[in-house]
Amino acid sequence: MTGTTPKFCFNCGAALPAGAKFCPGCGTAMEAVTAAPTAPTAIETAPATPAPESRPAGERRQVTILFIDLSGYTRLSNELGAEQVHALLQRFFGHVDAVVSNYGGTIDKHIGDTVMAVFGAPVAHDDDPERAVRAAIAVHASMAELSAEMDRELTVYIGIASGRVVASGTGSDSHQEYTVTGELVNLASRLQEMARGGESFISEEVYRATRKLVSARAIGEVSVKGFDEPITAYQLDGLLALDEGAASATFVGRQPELRKFRGAVDDCLETGRGEIVYILGDVGIGKSTLLNRFSAIAREHGFSIHEAAVFDFGVGKGQDPIGAMARRHLGIAPGSAKNIRRQAVETAMREGMFDQSHAAFVNSLIDVPQPPHLRAMFDALGHDARLHGRQAALVALIEGAAAEQPLLISVDDIHWADEDTLNDLAIVASVSADNPVILVMTARRGGDPLDQVWHNRIADVAMTTINVGPLRAEEAKALAQSYFEKFNQYTLDCIERAAGNPLFLEQLLTNAHSQQSSDVPDSIQSIVLARLDRLESVDKRALLAASVIGQRFSLDILRHVVGEPGYDCSGLVENFLVRKDGPDFIFANALIRDGAYESLLQANMRELHKKAADWFDGEDLLLRARHLDRGGAEQAEEAYLAAARQSAEQYQYDHALTLIERALEISRDANKSELALYRGELLLSAGRGEEAVEAYRHAESLAGEGGAECDALIGQAAGLRLTGGRNEAMDILARAETIARDADFSAALAQIHYHRGNLLFVEGDREGCLGEQEKALEFAHAADAPEWQAHALSGLGDAYYTHGKIATAHEYFNKSIELCRPLGMGALETANRNMILRAWIYRNEWDAAADECRSVCEAAEQTGNRRIEMFARLALDWTYTETADFDAALNSLDTTLELARDLKVKRTEAIALFYLARCRYFLGEREFAADLAGEAVQICHETGMGFCGPGTLGMLALASVSDEERSAALAEAETILEKGCLGHNFYWFHRGAMESYLERRDWDGVGRHAEALA
Ligand SMILES: Nc1ncnc2c1ncn2[C@@H]1O[C@H](COP(=O)(O)OP(=O)(O)OP(=O)(O)O)[C@@H](O)[C@H]1O
Ligand SMILES: [Mg+2]
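What comes next is a walk through the structure. None of these values were measured; they are calculated from a predicted model.

1. Examining the overall build of the protein chain
Thought 1: Helix and strand counts for the protein chain stand at 46 helices and 16 strands.
Thought 2: Against the compact-globule benchmark of 31 Å for 1014 residues, the protein chain has a radius of gyration of 42 Å, which places it well outside the compact range.
Thought 3: Along the three orthogonal principal directions, the C-alpha set of the protein chain runs to about 140 × 70 × 55 Å.
Thought 4: Relative to its full complement of 1014 residues, the protein chain shows a buried share of 54%.
Thought 5: Of the contacts made within the protein chain by residues no fewer than 6 positions apart, 65% connect residues no fewer than 24 positions apart.
Thought 6: In the structure as shown, the protein chain presents an accessible area of about 44,400 Å², 49% of it carried by carbon and sulfur atoms.
Thought 7: Charge separation in the protein chain, taken as the distance between the mean sites of 96 positive and 149 negative side-chain charges, equals 2 Å.

2. Observations concerning the pattern of salt bridges
Thought 1: Evaluated as defined, the whole model comprises 52 salt bridges.
Thought 2: Residue Asp963 pairs with Arg1000 through a salt bridge whose shortest N-O separation is 2.9 Å. Here Arg1000 lies in the loop between helix 45 (984-999) and helix 46 (1003-1013) and Asp963 lies in helix 44 (residues 963-979), a separation of 37 residues in the sequence.
Thought 3: The exposure class of Arg1000 is partly exposed, given its relative accessible area of 33%.

3. Quick look at a negative patch on the surface
Thought 1: On the surface, Glu419, Asp420, Asp448 and Asp451 cluster together into a patch of negative charge.
Thought 2: For Asp451, the location among the structural elements is in the loop between strand 12 (437-444) and helix 16 (452-457).
Thought 3: In this structure Asp451 comes out as partly exposed when scored by relative accessible area, which is 42%.

4. As for the packing of aromatic side chains
Thought 1: Summed over the entire model, instances satisfying the criterion amount to 15 aromatic pairs.
Thought 2: With a centroid separation of 6.4 Å and an interplanar angle of 25°, the aromatic rings of Trp878 and Tyr915 are classed as stacked. Of this pair, Trp878 sits in helix 39 (residues 866-882) while Tyr915 sits in helix 41 (residues 906-922), placing them 37 residues apart in sequence. The exposure classification of Trp878 matches that of Tyr915, with both residues buried.
Thought 3: Each residue in the set Trp878, Phe914, Tyr915 and Trp988 is aromatic and connected to the rest through ring pairs, giving one cluster.
Thought 4: Against the face of Tyr678 rests Arg645, its NZ or CZ located 4.4 Å from the ring centre.
Thought 5: Taking the ring centre of Tyr812 as reference, the NZ or CZ of Lys815 above it sits at 5.1 Å.

5. Points about the site of ligand 1
Thought 1: In the neighbourhood of ligand 1, 19 residues make up the surrounding shell, with Lys212, Lys287, Ser288, Thr289 and Glu506 lying closest.
Thought 2: One of the backbone N or O atoms of Val252 is found 2.8 Å from a nitrogen atom in ligand 1.
Thought 3: Contact distances for ligand 1 include 2.5 Å between an oxygen atom and a side-chain N or O atom of Thr289.
Thought 4: Protein contacts shield 88% of the accessible area of ligand 1, which totals 620 Å² for the unbound molecule.
Thought 5: For the shell around ligand 1, the secondary-structure elements that each account for two or more residues are helix 9 (287-300) and helix 19 (502-510).
Thought 6: Here the shell around ligand 1 is built from residues that sort into seven nonpolar, five polar and seven charged.

6. Remarks on the sheet that holds strand 11 (residues 407-412)
Thought 1: Strand order in this open sheet of five strands is 10-11-12-9-13, and the pairing throughout is parallel. Unpaired on one side and paired on the other, strand 10 (304-309) and strand 13 (463-468) mark the two borders of the sheet. Each strand axis lies, on average, 15° off the axis of its neighbour in the sheet, ignoring direction.
Thought 2: Sheet analysis places strand 11 next to strand 12, joined by five bridges and oriented parallel. Residue pairing for strand 12: Leu407 is matched across the bridge by Val437.
Thought 3: The sheet strands contacting helix 8 (residues 255-271) are strand 9 (276-281), strand 11, strand 12 and strand 13, and the helix crosses strand 12 at an angle near 155°.

7. Examining unusual backbone geometry
Thought 1: Its identity as a non-glycine residue notwithstanding, Arg254 has a phi of 60°, on the positive side.
Thought 2: Secondary-structure assignment places Arg254 in the loop between helix 7 (242-247) and helix 8.
Thought 3: The residue Cys569 is not glycine, and still its phi comes out positive at about 75°.
Thought 4: Mapped onto the elements, Cys569 comes out in the loop between helix 22 (555-562) and helix 23 (570-574).

8. Let's talk about the environment of Leu591
Thought 1: Topologically, Leu591 is positioned in helix 24 (residues 590-598).
Thought 2: The spatial distance from the C-alpha of Leu591 to the C-alpha of Asn501 is 10.0 Å, given a sequence separation of 90 residues.
Thought 3: Those residues in contact with Leu591 that lie beyond four places of it in its chain are Arg497, Ala498, Phe504, Leu508, Ile524 and Val528.

9. Quick look at the packing of helix 27 (residues 636-649) against helix 29 (residues 669-685)
Thought 1: Remark: helix 27 packs on helix 29, axes separated minimally by 12 Å, with the N-to-C direction vectors making an angle of 15°. In this view, helix 27 runs roughly parallel relative to helix 29, as classed from their interaxial angle. Crossing geometry of helix 27 relative to helix 29 is assigned as left-handed. Contacts between helix 27 and helix 29 involve Glu637, Leu641, Ala644, Arg645 and Ala648 from the former and Asn671, Glu674, Leu675, Tyr678 and Leu682 from the latter.

10. Regarding the nonpolar core
Thought 1: Tyr915 and Met955 are the most contacted members of the largest nonpolar core, which totals 104 residues.
Thought 2: The element that contributes the greatest number of residues to this core is helix 41, accounting for ten residues.
Thought 3: Leaving out residues up to four positions away in the same chain, Met955 has contacts with Phe914, Ala917, Arg918, Tyr921 and Ala933.
Thought 4: Judged by nonpolar contacts, the second largest core, of 52 residues, contains Leu508, Ala530, Leu555 and Ile592.

11. Considerations on the sheet that holds strand 15 (residues 578-581)
Thought 1: Taken together, the three strands give an open sheet; going across it, the order is 14-16-15, and neighbouring strands pair in antiparallel fashion. The two strands at the open ends of the sheet, each matched to only one other strand, are strand 14 (552-553) and strand 15.

12. Re the pairing of strand 3 (residues 114-119)
Thought 1: Across the six residues of strand 3, six count as buried, placing the element largely inside the fold.
Thought 2: What you see with strand 3 is no split at all: Thr114, Met116 and Val118 on one side and Val115, Ala117 and Phe119 on the other are buried throughout.
Thought 3: By the bridge criterion, five bridges tie strand 2 (residues 106-111) to strand 3 in an arrangement that is antiparallel. For Lys109, the partnering residue across the bridge sits in strand 3 and is Met116.
Thought 4: Following strand 2, the chain reverses through two residues before pairing antiparallel with strand 3; Gly112 in that reversal takes a positive phi of roughly 55°.

The rules we used
Each chain has its residues counted from 1, following the order in which its sequence is written. Throughout, the order in which chains and ligands are written sets their labels, letters from A for the former and numbers from 1 for the latter. For this predicted model, a pLDDT threshold of at least 70 governs which residues receive local features, and a threshold of 80 or more governs which side-chain atom pairs are given and counted, while totals over whole chains, interfaces and linings are taken from all residues. Only hydrogens and water are set aside when side-chain values are computed; all heavy atoms of the structure are taken into account. Note on conventions: DSSP H or I runs of at least 4 residues are helices, E runs of at least 2 residues are strands, and numbering of each starts at the N terminus. We compute the radius of gyration over the C-alpha atoms and compare it with the globule rule, which gives 2.2 Å times the number of residues raised to the power 0.38. Note on classification: 1.4 Å probe, protein chains only; a residue is buried when its accessible area is under 20% of the maximum for its type, exposed when over 50%, partly exposed between these limits. Residues are treated as being in contact if the distance between any of their heavy atoms lies within 4.5 Å. Computed with a 1.4 Å probe, the accessible areas rest on the Shrake-Rupley method; for each residue, only the protein chains presented here act as cover. The charge count includes Lys and Arg as positive and Asp and Glu as negative, but it does not include His or the ends of the chains. One atom stands in for each charge, and that atom is NZ of Lys, CZ of Arg, CG of Asp or CD of Glu. Between Lys or Arg on one side and Asp or Glu on the other, a salt bridge is scored when a side-chain nitrogen of the former is within 4 Å of a carboxyl oxygen of the latter. Nonpolar side chains (Val, Leu, Ile, Met, Phe, Trp, Tyr) are joined into patches within 5 Å and like charges within 9 Å, using only residues with over 30% relative accessible area and no salt bridge. Here is the rule: rings of Phe, Tyr and Trp (six-membered ring for Trp) pair when centre to centre is within 6.5 Å. Planes less than 30 degrees apart are stacked, more than 60 are edge-to-face, and the remainder are tilted. Here, a charge over a ring is recorded when the distance from Lys NZ or Arg CZ to the ring centre is within 6 Å and its angle to the ring normal is within 35 degrees. When at least one non-hydrogen atom of a residue lies within 4 Å of a molecule or strand, that residue is treated as near it. In protein, a polar contact requires one atom able to donate a hydrogen and another able to accept it; more generally it is a pair of N or O atoms within 3.5 Å, and residues adjacent in sequence count only if both atoms are side-chain atoms. Classes in brief: Ala, Val, Leu, Ile, Met, Phe, Trp, Tyr, Cys and Pro nonpolar; Asp, Glu, Lys and Arg charged; the others, Gly included, polar. Any two strands between which DSSP finds at least two bridges are classified as paired. Axes, fitted as lines to C-alpha atoms, cover a helix only where it is in contact. Angles between the N-to-C directions of the axes lie from 0 to 180 degrees. An angle below 35 degrees is treated as roughly parallel, one above 145 as roughly antiparallel, one from 65 to 115 as roughly perpendicular, and anything else as oblique. Two helices that cross are described as forming a left-handed crossing if the nearer one is turned anticlockwise from the farther one by less than a right angle, and a right-handed crossing if clockwise. Definition used in this section: a nonpolar core is a set of buried Ala, Val, Leu, Ile, Met, Phe, Trp, Tyr and Cys residues joined via side-chain atoms within 4.5 Å.

Structure below.
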C-alpha cells in the first residue's frame, strides 16, 4: 500500500509535519487520508484536499481517466514464477499509485496488470487533464527506476480520456466509495490498447485541454461504443518548453499594469534597489500571462530572469519553487542528475558565489546529498540553526547573482505555497531592499496567503499590488478576433458569457465547434467543480441551490431552497463565488452559475426547482411557472397559463403569447385545446388577425365536438373580421351557430350575433346590424355574461351611429363603458370612447375632439391595442384635415397608413388615402390628390364600396382633371348611396360633389347636393 502524506489536516486545516500520523493541532488521525487503494475492485479513495462532510449521492462530473498497462505482461508471467509475478506487480502498482497520488489523482482499480486512475473525482482540480498528462509522463519516467530494481526492461502503455461522467459516491460520511462508469472508461481503455510500450495516447478532449502545454500529434480516429462520432486520438510526445506556447499568443489590454511594471524596472535600474510586485486576480483572469509579459520587459532591460512556480501537486524534494530558483541561480538545467548538481555547487563556490559556510545549506536547497565532510555537521544542527543557515545561503545566492546582473524572480501561484515556501519568499523579498532584485508573485484572489506577519517581515521593501480585473469589452473583442476574424452572434454570446475572463473566453471560443452556445465547456466545468469541491458542505449545497435560482438571488429564497434558515452566504462571498449586489447576491461570473447548474443530476435539479417554485407561489406567477418547467413538473402548463393571463390583464400580449407557446410545447394532449384557444384569444386581442385565424384553426383541429369546437369557430370568424375575410367569416359563424343552437350555448350565441352584427356594420347594412346586436344582447343576458353584454351594447351603439342616431348611440356606448370598467375591459372601453369622440367631430368641436383622440391613442397604446390606436389616429387625422392643419395631418397620416398596412386593415388605408388626397388637393397638388383618391377608390372596389366607396369617389370627382372620370365617379357614388351604405358617406360624398360643382361654377349642381345633405 502506498499513499501520499497530506500536507494539511483535513479536519482543522493545520500544516502537518512530514509523515505525521496525527494532526498536532486537533489530534485527528491521518491514516484515513494516507491510505491509498490497491484492491482490484472499486475501492475507497481519498481526496487530496480537505473533504467536505458529505457529498450528494451522485454528480455529473468532468473527469480524466488514465489506463496504465504493463507492457509484455503475458510474456513476463510465462517467464517468471507466480510469486515473482506477484512481487513485480506489487512493485509496479506501488510506483504507479504513488505517482498518480502525487499528482492528485485517485486509483479507481487495479485490473490484472492494469491501473485505472481517475482525476477529477471525488475531488476536482481545475487542471485535471494537465495533471493526468503530467502523471503519465512521470509514470513512463519512473519505469527506468523500476526496470533497474527488477533487473529487466519494463515499459508501460497509457491511454487518457476526458469527459463528463456520472460519479456516484456511496457509503457513510467517513467512508466514501466512488465509482466512475460509462463510455469514457471504454474510450480510455481503447486508447491504451492502441498504444505500445513507452507510448501514451490521449483523446481529443485531453489534447484540447492541454495543448498549450504538451506536444502531441494526431494519429487517427477511434470508434468507441457509446460515441456517435469517431474520436481523434493523439500520441503524446512530451511537455512543451515553458514559453513555447505563450510566445505566439495574442496579448490584449493591461497597459496600466505594464506601465506600472516598467516604472518598477526603471526605478530598480536607477537606484539599485528592487521591490515586490504582487499580482492578484481571479482564476484564469490572466495573472500568469501578465507575469510572462513582465519577464519579457525585464529581459529587454538586461535583467536575468529566474522563474519558478508553486504547484499544488507533483512536488518532489528539491523541486519546490525556492529549490528550483536556487538551481537556476547556479545555472543547473531542469532534470540534471545529482553529480551535475554537485559539480555546479563546487564550481559556484570556487568562483566565489558563496563561501564554504553556506555549502551544506546550498546542497540542501537543491537536493544534493551532503558530502561526508559536511554530513555530520549538518545532521547535528538544531531546527533553528538549520533554518537560519538555509536562509543565509539563500540570501548569499541571490546577492551573488544580483551583483552580476539585475534580477527578476518570479513566483507564480503562491496561493498553493506552504509555510516554508512563504518563509523563504519573505527572505527573497527582503534581499530586494538593498539589491537590484524585483520579486513578482501571483496569487488567486481569495487564496492570498500573505498575512500581516508576512507583511511585517518585509516592511522595509516597497510593494506594489496589482489587482487584475476582467478584460474590457473591446479587449475581449480583440482577443475573440484572434480566433474568428468575423463576429457572429455566437462570438458575441461568448464574449458576454465570459464577462471579461480571458480563460473562459478562450475556452468558450475553442469549444465553438463542439458545443451549443448554452453549454459550459468541459474545461470551465472542471474549474467550477474544483472550486465547489473546496467548499464546506453547506456552502456547496447553497451554491448549487443558488445556481437553480438564477444569476441573481436573495438570501431569503436561497435559505428556503437550501433548507438552511440561518445561512448567510459568507462562505460563498469569501470564496469569490458570489458577491453582494444591493440587497441581493449575484454570481461572480455567469459561467460559475452555469457550471454549477450543469453538475446537478436531474433528480436533485427537479427538487431544487420545485422548492424555488413553491417560494414564488402567489408571489410571482412567471417565476413559479419557469421553475416548474425547468424542474419538469406537471403543473408547469397550468402555471404558464396563469402567468399568461396575468400578463394579458396588463395588456402585455406578446409576453403572454410567449408563455402560452411554451405551455403548448410542454403540454400533454388533454390541455392542448384550451391552451390553443387561449393563444387565439391573445392574438385577437393583440390585433394580429391572420395569426389569430391560424391559431383558432389549430385549436379547432385539437378540439373535440362541442364547446371548444364552437369557440374555435367563433375565434376564426373574429379573426377573419379583422382581416376582411367577410364571406368566410359569415360561413363559419353559420357553422358555429348550428352547434351553439343545438347545445343551447347562450354565451356562444351572444358572440356569434355580435360578430355578425359587426360584419354587417362595416358593410353599411344598418338594419341587419341592429337586429344582430339586439339578439347578441338578449343572449348575453340569458347567459348572464356581462362581458358579452358590454360587447353587444357597444355593437348597438355602432348600429345607431350608422342610423345617424348619435344621441342614442352615445347612450349605448356609455352603458357599455359602465360595464367595461369593473370588468377591466380596457380595450373595449377605448373602442367605445373612440366612437363617442366622432360625434364631437360632427358637432365641429374640433379642439375637444383632437384632445380626446390623443387621449384615446395613449390609452390604446397602453393597452397594446394597435387597432384602436389606428382608429383614434384616423379621427385625429380627420380633425387636422378639417381644420386645415395640413402639415400636422400629413405627418400623422404617415403613421396611420403604416399602422393600417401593418395590421392589414384595408378600409382604414382607404380612408387615410382619402384624407391625404384632400390635404394634397388643398395644397394645390391636384394630380397627386387625384392619384391618391384613385388608389383609395381601388381599395374600396376590392373590399366593398359600402364602407367608404361614395366618399372616396366624391374626392376623386373633386380632384380629377378628366371630365369623363369625374362624371363616372359621381354617377357610381349616387348608385351606391341609393342602395344603402354607411352614413358618413352621404356627408363626404355630397360635400365633395358640391366643391366640385363650385369649382365649375355650376350652381345647379351645388344646389342639388346641398339639398341632399340638408
Ligand atoms: N491579456 C491577455 N491577452 C490575451 N490572452 C490572455 C490575456 N490574459 C490571459 N489570457 C489568456 O487567458 C488564459 C488564462 O490566462 P492565465 O493562465 O494567465 O490566467 P491566470 O490568472 O494565471 O489563471 P490561474 O488562476 O489558473 O493561474 C490563457 O490561456 C491566456 O492565454
Ligand atoms: Mg496562472
